[in-house]
Every structure is written in structure tokens, then in C-alpha cells.
Amino acid sequence: MASVIRGRGIAGGTGTGPLLASSEPISFLGGVDPKTGMVVEPGHPLLGKSVAGCVLFFPHGKGSTVGSYVLYALRHNGKAPAAIVNREAEPIIVVGAIIAGIPMMDQPDPAIDRIPEGTRVTVDGGKGELTCEGELEGH
Amino acid sequence: MQLDAVERAILAGEHGETRQQMMELLVALGKVFGAERMVPIASAQVSGASYKTIGEWGLRWLRGLDARVAVPTVLNPVGMPREGWRDLGISPEFAARQNEVLEAYRKLGVRLECTCTPYYLMRVQYGQHLAWAESSAVAYANSVIGARTNREGGPSALAAAIVGRTPFYGLHDVKHRAPSLVLDVEGAGKAGPIPAVHYGALGSLAGRIAGNRIPFFRGIRPTREEMKALGAAMAATGAVALFHVEGITPDARIFPYDVMALERIPITREEVAGVLKEIPVDAVALGCPHCAPEDLQQIASLLRGKVVRKPLFVFAAAYVMERDPETVLAIRRTGAKVVADTCMVVSPLMEGYRAIMVDSGKALAYVPSMCGAAARLGTREECLREALTENQ
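Residues numbered from 1 in each chain as written. Chains lettered and ligands numbered in written order. Predicted model: local features only at pLDDT ≥ 70, side-chain atom pairs only at ≥ 80, totals over all residues. Heavy atoms only, no water.

Describing the overall build of chain A
Secondary structure assignment for chain A yields three helices and eight strands. Starting at the N terminus and walking to the C terminus, you meet the elements of chain A as β-β-β-α-β-α-β-α-β-β-β. Looking at chain A as a whole, 55% of its 139 residues are labelled buried. If you take every contact in chain A between residues at least 6 apart in sequence, the share linking residues at least 24 apart comes to 71%. Surface summary for chain A: the accessible area is close to 5,600 Å², and the carbon and sulfur share equals 53%. Distance from the positive charge centre (11 side chains) to the negative charge centre (14 side chains) of chain A: 6 Å. (Helix = DSSP H or I, 4+ residues; strand = E, 2+ residues; numbered from the N terminus. Buried < 20%, exposed > 50% of the residue type's maximum accessible area, 1.4 Å probe, protein only. Contact = heavy atoms within 4.5 Å. Areas by Shrake-Rupley, 256 points an atom, 1.4 Å probe, with all protein chains shown as cover. Lys, Arg positive; Asp, Glu negative; His and termini not counted. Charge placed at Lys NZ, Arg CZ, Asp CG, Glu CD.)

Pasting the structure below:
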């Protein structure tokens, strides 16, 4: 039985991958290496992890607007996230997701916090839905 | 969001992939900001024109776009003048990459004017909706002209230019243009009007106080040029995209704003004067934001028959320079450099000086970090007097 987390659709398309969650905002310019997809910002909770192929869940973007182009670079280097989920979308990540063709949603139901890291999930950025296999604890 | 038939067709891809992606971008931003519809725009000004800023991937994205802009569109200043960059010490490698960015914009139908003063190139009317990106141009358009624009990012301004629309939210909506703070400039009238440059100093202070609020000034009667300086400085030290001046700016004259209930903060003449610190300088820069046609004439007239003793840079839009070549030549004959398409803040032209004198509160804010030099604010006349004085 699949569980569905509803939110707001921002950038269309669907993407599937293991959930990678960050409690902290992400600056793509300077914070993520566009060649490898590795988080390189010192002190960041995801430091040393790769965003490539993941469904990346973080509060919102931060830093330079040039970060949008880093998402575009990640896509062309085959290192983009499969989908992005923000708690509250802002222009840097929205623009980046659209120009890079990365499905994106925001304002997910709080139940998203109960999905264990690494769980395979699918985001439909048109509908604003995240689906994971199996029941969520506490449901 | 309510889209009309044309907008729905663009979103469905009936007008090509690029327009579809641009519409997706505008719809997504509209959702984020709570817009209920789109609004047609009269013109666009696109940032993200400098190769130094957008880099290789920004350039690749631009090159991949296949559409023409739907409204008159110009660019923000870039890192070098389009012509004569060799004489100014710009490396051929940088120039080649910069020219590739400009070529990409040209293919999109963007007019290759790189300026922070698009209002000297394009006729802008009260109440028109725009998608402009540069902070001082946005402050001028909203406040001095009474046009309506949010401060756009590079891609969102380009998307609006290509689609000819922008999401209706923020400063497009009259509801969100009312003042939220009163700034009482005290003592301004006592010793005559505040001199022009003091509007840069006033703006430096006012921007820090206002942050991203909409200030309503009382106690001053600035000219359009003075409001240009005021807005540019406030957009640099704060995030002011719209301000009102009692009895002066168009919205303040049209709408009966009730400011009695608003927070009121006094700014004294002494506080404004305190921004003007005298330090020795080894270069002078004018034209932040880019000079008006009258500025060039005034500079030429003040320098007539003289030779500059310190490096003096004057920045203006290429269009403004081309319309008055004799004045430009007259300034250049004094040894000063008159440079188009770029400025002291976004180009490497003014690196390597210890201290630079400027007549702009915006430049005062950016010169230390962008040029690695101390900055001193003075009037236009004081700046030129300094330029005519030998370096110690």
C-alpha cells in the first residue's frame, strides 16, 4: 500500500529516487559541486553527500541567484537530483528546477518528516504529490 | 492562477519549447508569490548579462533558448564596454566570453544596450507594468515615474520579455504600493535645499533604516535627478524598490495615503552630513547609475579648458553617448575616460586604486567590496575639483 504526501506542484514531471533530507537550506552556488553533485559547503549537514539521482528535500534555497544555473549545470553533467521538495519554494530553486527540467513541489504534508532517509520515493511535480511504497509509521 | 487562452496555449507548448519553459517559469514564480493572473508588460530589463556573473552554464542556458523577445528589452551593465575594451586593459579571453553572452542575447532579439538607466532609452509611462531587474532602475521606474515593476532576477526578466507578461503580484498591485514607514528629513529646509549629492548620503542612511519597507519622505523637494540618486542609494544599502516623496512622486500625488498611523523616523541634516567623510583619493568615478544626457553636458562644462590630474572615469549608456558625441569628445579631451555599457562596480576597470571619490550613495556602498578601495562621497563639483588636483 503506497502512502501519498500532498503539497503544491511547482515544476512539472516525475522523478524517482532515494529520499535525501537536509534540515538546513542549500546554496547551490558554492555549496554544491556542479561536476560531481557533492555538497561541499563546510559545516552543512549534507557535506560529502551527493545530490545526484536523489529526491532532495530541504527547507528552501539560499545564497546567490546564480545558484539557478548550478542546477542547470548539474542536469547537464548527469548529477542533478531526481526531484526537489522544499518546505517553502523561493525563486532561486524554482528558476533552477524549471530551467534544468527537475520536477519540484513544495509545502509537503508534515508526514514527510516520518519517511526514513533513503526510502525510494516518487515526486510528481505537476500534481504536487510525493509517493512512497508502504505505510508510514503513525498513519 | 487564471491564464487566458494565449497564455494557456504557450504553456501547452503550442508556441515552441522555449516559450513553454518561460511560461512554466512565470507560472511557478506566480504560484510562489500568490499571483492570481498574468499582466502584459511594456518593456524588460534583463540582469545576468555579465559573463563574470552567470559563467559558463548561464551562457550555455542562454544559447539553448530559441525564441524572440515580445517587448523592447535591454540589458544590465556588463563587465566591459562593447567597443574599446582593448584600450582599457580587458583580457581578450574575458572579452571573447562576454561577447558570446551578448551574441546569445542578440539572437533572442534583445537590444544590446547594457545600462542601469533604461529610462533614458525607452519611453516609460505612469502605470505601465514592466519587468526590470537592476535595483536602481526598479526604484526609479516605480517611484519617480510611477510605473509598476518588481525587482526581477535575470531568468525571470528574460522569461517575461519572451512571453510579454509577468505574474501580477507585489509592486504590480496598487494594494502593495502604499508606504509603510515615514522618514522625516529634519532641518533640510533651513539652510536651503539639500545639495544633490546629499541625496546619495540621505539614501545611504534611509536604505539602512527602511530595509525592504516602502518609505514616505517628508521635508524634502528633490528633482528627478536627485530622486535617481536617492533611490539608487536606498536600493544598495537596503532593498528599497519603491519610495514616495510627499507632494512630489506621482503615486504620492495621486493616492491619498494616510501616513498618520505609520512608524515615523526622523533623519537630521547632521546625520546626512556625517556620511560625507573627507579622505585622500587617487581616482574619481561618476555615473552610478549611468549619467543622464544633462550630466554629461554638466561634466563637460565644468571641465572645459582643463586637464584632469587624477584618473577620472565617467559611465553612461552607449545610446546616451552616441546621441551627443561632441560632449563625450569634450570630456575625453580633458584626459577623462568616458565608458559605455559597464561601470565601476561590475568591471575590473577601477581595481588597483587606494581610494575612489564618487558622487553616488550606491557607489559609496559597493566600491569597497567590488573595487577593493576606500570610497568617499562628494558633490559632482567636488568630485571634478578632486580630479583636477594632482595626486600627492
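Considerations on the sheet that holds strand 5 (residues 83-86) of chain A
Residue and element names in this part refer to chain A. Spatial ordering of the open sheet is given by 1-8-7-3-4-5-6-2, a layout of eight strands whose pairing is mixed. Each having just a single partner strand, strand 1 (2-6) and strand 2 (8-11) make up the two edges of the open sheet. Pairs of neighbouring strands in the sheet enclose a mean axial angle of 30°, with direction left out of account. Note that strand 3 (residues 14-21) and strand 4 (residues 55-58) share three bridges and pair parallel. The residue of strand 4 that forms the bridge with Ala21 is Phe57. On the sheet, helix 3 (residues 91-100) packs against strand 2, strand 4, strand 5 and strand 6 (104-106) and is oriented at approximately 60° with respect to strand 2. (Pairing = 2+ DSSP bridges. Axes fitted to C-alpha atoms, helices over the stretch in contact; angles between N-to-C directions.)

Focus: the pairing of strand 10 (residues 312-316) of chain B
Residues and elements named next belong to chain B. For strand 10, a buried count of five out of five residues is recorded, marking the element as mostly surrounded by other parts of the structure. Of the two faces of strand 10, the one lined by Leu312, Val314 and Ala316 and the one lined by Phe313 and Phe315 are each fully buried. Taken together, the four bridges between strand 9 (residues 283-291) and strand 10 define a ladder with parallel strand orientation. Directly across from Val284, in strand 10, lies its bridge partner Leu312. Pairing geometry for strand 10 and strand 11 (residues 337-340), over four bridges, is parallel. The residue bridging Phe313 from the neighbouring strand is Lys337, located in strand 11.

Digging into helix 3 of chain A
For helix 3 of chain A, the buried fraction is high: nine of the ten residues fall into the buried class. Every buried residue of helix 3 of chain A is listed here: Ile92, Ile93, Val94, Val95, Gly96, Ala97, Ile98, Ile99 and Ala100 of chain A.

Things to note about the side chain of His44 of chain A
All names here are of chain A. Structurally, His44 is set in the loop between helix 1 (28-31) and strand 4. The exposure class assigned to His44 is buried, which follows from its relative accessible area of 7%. Aside from chain neighbours lying at most four places away, what touches His44 is Ser22, Glu24, Pro25, Ile26 and Val39.

Concerning the domain arrangement of chain B
All names here are of chain B. Domain boundaries assigned for chain B yield domain 1 (5-173), domain 2 (178-273) and domain 3 (283-387). Computed over C-alpha atoms only, the centres of domain 2 and domain 3 are separated by 25 Å. Interface area for domain 2 against domain 3, summed over the two sides, is near 830 Å², with a carbon-plus-sulfur share of 69%. Scanning the region where domain 2 abuts domain 3 turns up one salt bridge. Where Asp295 meets Lys228, a salt bridge forms, and the shortest distance between an N and an O atom there is 3.9 Å. On inspection of domain 2 and its partner domain 3, the count reaches one residue pair in polar contact (both at pLDDT 80 or more). Going through the elements one at a time, helix 7 (198-210) and helix 8 (224-237) are the ones with two or more residues in the side of domain 2 that touches domain 3. Grouping the constituent residues of the side of domain 2 that touches domain 3 by class yields five nonpolar, three polar and two charged. (Domains from an automatic or database assignment. Buried area = accessible area lost by both parts, 1.4 Å probe. Salt bridge = Lys/Arg side-chain N within 4 Å of Asp/Glu carboxyl O. Polar contact = N/O pair within 3.5 Å; in protein donor to acceptor, adjacent residues only side chain to side chain. Nonpolar A, V, L, I, M, F, W, Y, C, P; charged D, E, K, R; others polar.)

Considering the interface of chain B and chain A
At the interface, 15 residues of chain B touch 16 residues of chain A. Of the roughly 1,600 Å² buried where chain B meets chain A, counting both sides, 75% is carbon and sulfur surface. The interface formed by chain B and chain A includes zero salt bridges. At the boundary of chain B with chain A, the tally comes to three residue pairs in polar contact (both at pLDDT 80 or more). Elements with a minimum of two residues in the side of chain B that touches chain A: helix 2 (17-32) and helix 3 (51-63) of chain B.

Details of the pairing of strand 5 of chain A
All names here are of chain A. Both faces of strand 5 are covered, namely the face carrying Ala83 and Val85 and the face carrying Ile84 and Asn86. Of the strand pairs in this sheet, strand 4 and strand 5 are connected by four bridges, and their pairing is parallel. Looking across to strand 5, one finds that Leu56 is bridged to Ile84. Handedness of the strand 4-helix 2 (residues 67-76)-strand 5 crossover: right-handed. (Right-handed = clockwise from strand over helix to strand, strands pointing away.)

Describing the packing of aromatic side chains
This model, assessed by the stated rule, comprises nine aromatic pairs over all chains. Look at Tyr72 of chain A and Trp57 of chain B: their rings are 6.2 Å apart centre to centre, the planes differ by 70°, and that puts the pair in the edge-to-face class. Highlighted residues: Tyr72 of chain A in helix 2 and Trp57 of chain B in helix 3, drawn from two different chains. Judged on exposure class, the residue Tyr72 of chain A and its partner Trp57 of chain B are both buried. By way of ring pairs, the aromatic residues Tyr119, Tyr120 and Tyr140 of chain B are connected into one cluster. Stacked on the ring of Tyr126 of chain B, the Lys or Arg Arg148 of chain B has its end atom at 5.4 Å from the ring centre. (Phe/Tyr/Trp six-rings, centres within 6.5 Å; stacked < 30°, edge-to-face > 60°. Lys NZ or Arg CZ within 6 Å of the ring centre and 35° of its normal.)

Observations concerning the environment of Asn212 of chain B
Relative to the assigned elements, Asn212 of chain B resides in the loop between helix 7 and strand 6 (215-218). A residue is classified by how much of its surface remains accessible, and Asn212 of chain B, at 65% relative accessible area, is exposed.

Thoughts on the pattern of salt bridges
Residues and elements named next belong to chain B. One pass over the full model with this rule turns up 28 salt bridges over all chains. For the salt bridge of Asp173 with Lys175, the shortest nitrogen-to-oxygen distance reads 3.3 Å. On the basis of relative accessible area, Lys175 is assigned to the exposed category, the value being 65%. For Arg177, the salt bridge goes to Asp251, with nearest N and O atoms at 3.0 Å. Highlighted residues: Arg177 in the loop between strand 4 (165-167) and strand 5 (181-186) and Asp251 in helix 9 (residues 250-254), separated in sequence by 74 residues. Considered together, Arg177 and Asp251 belong to a single accessibility category, that of buried residues. One continuous salt-bridge network, built from bridges that share partners, spans Glu56, Arg60, Arg63, Arg97 and Glu100.

Description of the nonpolar core
With 94 residues, the main nonpolar core has Phe217, Leu312, Met344, Met350 and Ile356 of chain B as its most contacted residues. If we ignore the near neighbours within four places in the chain, the residues touching Met344 of chain B are Ala285, Leu286, Gly287, Cys288, Phe315, Met350, Val358, Ala363, Val367 and Cys371 of chain B. Residues Ile93 of chain A together with Ile10, Val32 and Ala160 of chain B belong to the second largest nonpolar core, which totals 75 residues. (Core = buried A, V, L, I, M, F, W, Y, C linked by side-chain atoms within 4.5 Å.)

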